[in-house]
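Summary of structural features
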Amino acid sequence: MSSGVIEVPHGTYRIRTMKIGTSWRASSFVADHLVFKDTSGPTSEAAIEAMKARLDERDQKQRQGWVDGVPSVDSFVEALQKMEIAEPLKAMLRAHAAAADHRMTSIEIAKAGGYKAYTVTATQYGKLGRLIGDYLGMPVSADDEGTGHASVLAVAEPASKKADIVWQLHPTLVEALQKLDLA
């Protein structure tokens, strides 16, 4: 059997295993973010199965605190701590968390990040939403309005003009941002 790295998918995770000495060690990732390190087994298959069990247990525990598919404060905190968030997006999140009822239009959010185009809101929130959703093992798909992944962060209320879409941050995200001094 080869001692090279073996990589297999498991939901939104990637599990990598490699032989070290006489045993196999597995680590799990979402994108490039390490989730768990070092489950082991006598074979690559055993190490992978141990990691799958650990990931499944993690996902089950996390979802227990979720309401209507919205992550809990602790889930958001864990995910946000793993993310490298660019300063313009931090500015958008800070302004949004500070807004009355945590509601802002697409153009207001974009301007808070120093952007002129309202489309930046869905793009930036969509990218972060996808990273967080993937990290938390959330099955999210983009919709025609491009709000699918952004819905991990906020609820979008339809409007006649896309620039006028009102986004309301999930209360659990606002609390997580406050805990991390990002609000």
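Please refer to the structure higher up on the page.
Sequence positions are assigned chain by chain, starting from 1 and proceeding in written order. Thresholds applied to this predicted model are a pLDDT of at least 70 for local features of residues and 80 or more for the giving and counting of side-chain atom pairs; totals over whole chains, interfaces and linings are not thresholded and use all residues. Values shown for side chains rest on all heavy atoms present in the structure; no hydrogens or waters enter the calculation.

**Section: the packing of aromatic side chains**
Here a ring pair, both rings aromatic, is described through the centre-centre distance and the interplanar angle of the planes. As a reminder of what qualifies: Under the pairing criterion, centres of Phe, Tyr and Trp rings, with the six-membered ring standing for Trp, must be within 6.5 Å; the plane angle then separates stacked pairs below 30 degrees from edge-to-face pairs above 60, leaving the rest tilted. Numbered from the N terminus, helices here are DSSP runs of H or I no shorter than four residues, and strands are runs of E no shorter than two. Relative accessibility thresholds used throughout: buried, under 20% of the residue-type maximum; exposed, over 50%; partly exposed, between the two (1.4 Å probe, protein chains only). Over a ring means this: the NZ of a Lys or the CZ of an Arg is within 6 Å of the ring centre and within 35 degrees of the ring normal.
Tallying each qualifying case throughout the model produces one aromatic pair. Their ring planes at 75 degrees and their centres at 6.1 Å tell us that tyrosine 125 and tryptophan 167 sit as a pair that is edge-to-face. Residue tyrosine 125 is located in helix H5 (residues 119–135), and its partner tryptophan 167 is located in strand S7 (residues 166–169); the two are separated by 42 residues in the primary sequence. Given a relative accessible area of 0%, tyrosine 125 falls into the buried group. Over the aromatic face of phenylalanine 29 sits the side chain of arginine 16, whose NZ or CZ is 4.3 Å from the ring centroid. The lysine or arginine in question, arginine 58, covers the ring of tyrosine 135, its NZ or CZ lying 4.6 Å from the ring centre.

**Some thoughts on the packing of helix H2 (residues 73–82) against helix H6 (residues 171–179)**
Helix-helix packing is characterised by the crossing angle of the two axes and by the distance between the axes. Going by this rule: Between N-to-C directions, angles cover 0 to 180 degrees, with each direction set by a line fitted to C-alpha atoms, over the stretch in contact for helices. For classification purposes, an angle smaller than 35 degrees is called roughly parallel, one larger than 145 roughly antiparallel, one from 65 to 115 roughly perpendicular, and anything else oblique. Handedness of a crossing is defined here by the sense of rotation of the near helix relative to the far one, left-handed for an anticlockwise turn of less than a right angle and right-handed for a clockwise turn. Only heavy atoms matter for contacts: two residues are in contact if any of them lie within 4.5 Å across the pair. Residues are grouped as follows: nonpolar covers Ala, Val, Leu, Ile, Met, Phe, Trp, Tyr, Cys and Pro; charged covers Asp, Glu, Lys and Arg; every other residue, Gly included, is treated as polar.
Between H2 and H6, the shortest axis-to-axis distance is 8 Å and the interhelical angle comes to 50 degrees. With respect to H6, the axis of H2 lies oblique. Between H2 and H6 lies a crossing of right-handed hand. Here H2 contributes Val73, Asp74, Phe76, Val77 and Leu80 to the contact with H6, which in turn contributes Thr172, Leu173, Glu175, Ala176, Leu177 and Lys179. A per-class count over the contact of H2 with H6 returns seven nonpolar, one polar and three charged.

**Describing the environment of lysine 162**
Mapped onto the elements, lysine 162 comes out in the loop between strand S6 (154–157) and S7. In this structure the C-alpha to C-alpha distance between lysine 162 and phenylalanine 76, which are 86 residues apart in sequence, comes to 27 Å.

**A word on H2**
Given 3.6 residues per turn, any residue in an α-helix points the same way as the ones three and four places further on. Regarding H2, the residues found buried are Val73, Ser75, Phe76, Val77, Ala79 and Leu80. Turning to H2, the residues buried within the fold contact helix H1 (44–64), H5 and H6.

**Quick look at the packing of helix H3 (residues 87–98) against H5**
Two numbers describe how H3 lies on H5: the axes approach to 11 Å, and their chain directions differ by 100 degrees. Considered as vectors, H3 and H5 are oriented roughly perpendicular to each other. Between H3 and H5, the residues in contact are Leu89, Met92, Leu93 and His96 and Val120, Thr121, Gln124, Tyr125 and Leu128, respectively. When the residues that make up the contact of H3 with H5 are grouped by side-chain class, the tally is six nonpolar, three polar and no charged.

**Notes on the nonpolar core**
What counts is decided by this rule: Throughout, nonpolar core names a set of buried Ala, Val, Leu, Ile, Met, Phe, Trp, Tyr and Cys residues whose side chains join them through atoms within 4.5 Å.
Formed by 47 residues in total, the largest nonpolar core has its most connected members in Tyr125 and Ile132. Aside from chain neighbours lying at most four places away, what touches isoleucine 132 is Phe76, Ala79, Leu80, Met83, Val152 and Leu153.

**Quick look at the side chain of histidine 10**
Just so we agree on the cut-off: By the criterion applied in these results, polar contacts are pairs of N or O atoms within 3.5 Å in which, for protein atoms, one can donate a hydrogen and the other can accept it, and in which residues neighboring in sequence qualify only through two side-chain atoms.
Along the chain, histidine 10 turns up in strand S1 (residues 6–10). Its relative accessible area of 17% is what places histidine 10 among the buried residues. In terms of polar contacts, histidine 10 uses its side chain to reach the side chain of aspartate 56, at 2.8 Å. Beyond its immediate chain neighbours, meaning those up to four positions away, histidine 10 contacts Ile15, Lys52, Leu55 and Asp56.

**So, the pairing of S1**
For clarity, the cut-off: The pairing criterion for strands is at least two bridges between them, as found by DSSP.
Strand direction decides the pairing type here: S1 and strand S2 (residues 13–20), joined by five bridges, are antiparallel. Across the sheet, the residue bridging to histidine 10 is tyrosine 13, located in S2. The hairpin formed by S1 and S2 contains two residues between the paired strands, and glycine 11 there has a positive phi angle of roughly 60 degrees.

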